[in-house]
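Descriptive structure summary
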Amino acid sequence: MTQDELKAAVADAAIKEIEPHLEKNTVLGIGTGSTANLFIDRLAPLSERFKGAVASSEASAKRLQALGIEVFELNSVGDVPFYIDGADEVNANLQMIKGGGAALTREKIVAACAKRFICIADGSKYVAQLGNFPLPVEVIPMARSYVARELVKLGADPVYRQGVVTDNGNQIIDCFDFMIDDPASMEARINAIVGVVTNGLFAQRGADVLLLSTENGVERTA
Ligand code: 5RP
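Residues numbered from 1 in each chain as written. Predicted model: local features only at pLDDT ≥ 70, side-chain atom pairs only at ≥ 80, totals over all residues. Heavy atoms only, no water.

- Going by an unreviewed UniProt entry, the chain carries the name Ribose-5-phosphate isomerase A and comes from Vreelandella zhaodongensis.
- Within the UniProt record for the chain, the comment given under Catalytic activity (unreviewed entry) is "aldehydo-D-ribose 5-phosphate = D-ribulose 5-phosphate".
- Its UniProt record, at the heading Pathway (unreviewed entry), says of the chain: "Carbohydrate degradation; pentose phosphate pathway; D-ribose 5-phosphate from D-ribulose 5-phosphate (non-oxidative stage): step 1/1." (UniProt positions renumbered as here; feature names shortened; annotations may be inferred.)

**Considering the UniProt feature "active site" (unreviewed entry) in the chain**
- In the numbering adopted here, UniProt assigns the feature "active site" (unreviewed entry) to Glu107.
- Examined against the element boundaries, Glu107 turns out to sit in helix H4 (residues 104-113).
- Sequence-distant contacts of Glu107, defined by excluding residues within four places in its chain, comprise Thr32, Ser56, Tyr83, Asp85, Lys98, Gly99 and Phe202.
- Within the structure, the side chain of Glu107 is placed 3.2 Å from the side chain of Lys98, a separation counted as a polar contact. (Helix = DSSP H or I, 4+ residues; strand = E, 2+ residues; numbered from the N terminus. Contact = heavy atoms within 4.5 Å. Polar contact = N/O pair within 3.5 Å; in protein donor to acceptor, adjacent residues only side chain to side chain.)

**Some thoughts on the pairing of strand S7 (residues 135-139)**
- Most of S7 is tucked away, with 5 of its 5 residues classed as buried.
- The two faces of S7 match: Leu135, Val137 and Val139 on one face and Pro136 and Glu138 on the other face are all buried.
- Pairing between S7 and strand S9 (residues 171-176): 5 bridges, direction antiparallel. Paired with Val139 across the two strands is Gln171, which belongs to S9.
- Relative to strand S10 (residues 196-199), S7 runs antiparallel, the two sharing 3 bridges. Bridged to Glu138 within S10 is Thr198. (Buried < 20%, exposed > 50% of the residue type's maximum accessible area, 1.4 Å probe, protein only. Pairing = 2+ DSSP bridges.)

**Some details on the sheet that holds S10**
- In spatial order, the strands read S8-S9-S7-S10; together these 4 strands make up an open sheet with antiparallel pairing. At either margin of the open sheet sits one strand with a lone partner, and together these are strand S8 (157-160) and S10. Looking at each pair of strands side by side, their axes are set apart by 30 degrees on average, direction ignored.
- Here H4 sits on the sheet and contacts S7, S9 and S10; the angle it forms with S10, its principal contact strand, is near 70 degrees. (Axes fitted to C-alpha atoms, helices over the stretch in contact; angles between N-to-C directions.)

**Remarks on the site of the ligand**
- Around the ligand there are 17 residues in total, and Ser34, Thr35, Asp88, Gly99 and Lys125 lie nearest to it.
- In this structure, Thr32 approaches the ligand through a main-chain N or O atom, which is 3.1 Å from an oxygen atom.
- Contact between the ligand and Gly86: an oxygen atom at 3.3 Å from a main-chain N or O atom of the residue.
- For the ligand, the accessible surface in isolation is 380 Å², of which the surrounding protein chains cover 91%.
- Among the residues forming the shell around the ligand, the class breakdown is 3 nonpolar, 8 polar and 6 charged. (Near = heavy atom within 4 Å. Areas by Shrake-Rupley, 256 points an atom, 1.4 Å probe, with all protein chains shown as cover. Nonpolar A, V, L, I, M, F, W, Y, C, P; charged D, E, K, R; others polar.)

**A look at the pattern of salt bridges**
- Under the criterion given, the structure shown has 13 salt bridges.
- A salt bridge links Asp41 to Arg63, with the nearest nitrogen and oxygen atoms 3.0 Å apart. Remark: Arg63 occurs in helix H3 (residues 58-66) and Asp41 occurs in helix H2 (residues 34-43); sequence separation between them is 22 residues.
- Residue classification places Asp41 among the partly exposed positions, given a relative accessible area of 29%.
- Arg63 gets classed as partly exposed once you look at its relative accessible area, which sits at 31%. (Salt bridge = Lys/Arg side-chain N within 4 Å of Asp/Glu carboxyl O.)

**Structural notes on a nonpolar patch on the surface**
- On the surface, Ile140, Met142 and Val197 cluster together to form a nonpolar patch covering roughly 310 Å² of accessible area.
- Here Val197 lies in strand S10.
- Looking at Val197, the relative accessible area reads 31%, which means it is partly exposed. (Patch = residues over 30% accessible without salt bridge, like charges linked within 9 Å, V, L, I, M, F, W, Y side chains within 5 Å.)

**Let's talk about the nonpolar core**
- Core analysis: the biggest nonpolar cluster contains 26 residues, and Ile18, Leu28, Ile30, Phe39, Leu43 and Ile84 have the highest contact counts within it.
- Listing elements by their share of this core, those giving two or more residues are helix H1 (3-18), strand S1 (27-30), H2, strand S2 (52-55), H3, strand S3 (80-85), strand S6 (114-122) and strand S12 (209-214).
- The residues touching Leu28, leaving out its near neighbours within four places in the chain, are Ile18, Leu22, Leu43, Phe50, Gly52, Ala53, Val54, Val80, Phe82 and Ile84. (Core = buried A, V, L, I, M, F, W, Y, C linked by side-chain atoms within 4.5 Å.)

Below you can see the structure in the form of structure tokens.
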């Protein structure tokens, strides 16, 4: 199977996971990226069965709206029963690196509000140790050089993601050569640097369910 076929299979599995729980007042949290896009496409035919969605990026909001799914501001929504999103890396503890698409801050906010975070990924994303994928850090623009120097002190090789402005008007630094021994502790240490908005480690609030698509089918871990 190609990676796209694996992503499609896991998007199908995510629909099966949430479909029995959809109610007229349900507002779903929806992530960002190619796997999340495939999930959005499969969600559209069910749009009459739930109220709408909150999106973790402008791109996902546009896709949802184009397919007839109403998008709500998070501040106007109470309960978010499920947040469905992809990952750049995920480990056996369902901790992740996210933010390859620069949407990490809104992803983290929606995930924080959600009762259950369902991570949907193809098998290439599953790793023994997080860090091979460069860890994204969203920074306030004027703090970029300072934050980069602090990241060097933590052992990273920080690279400014040129030409990218996040949906929040900020910039991204990617941390290369940065294998992470203790994801929850590193998440907190990076977030404590002044000027950091957030970082792409989803360890303190990891996923509740991992749907992982492999040649043998979709494996579910919870
Ligand atoms: C975007 C993300 C995505 O979830 C992550 O990059 C995975 O993307 P894809 O499904 O395209 O592989 O964190 O900020």
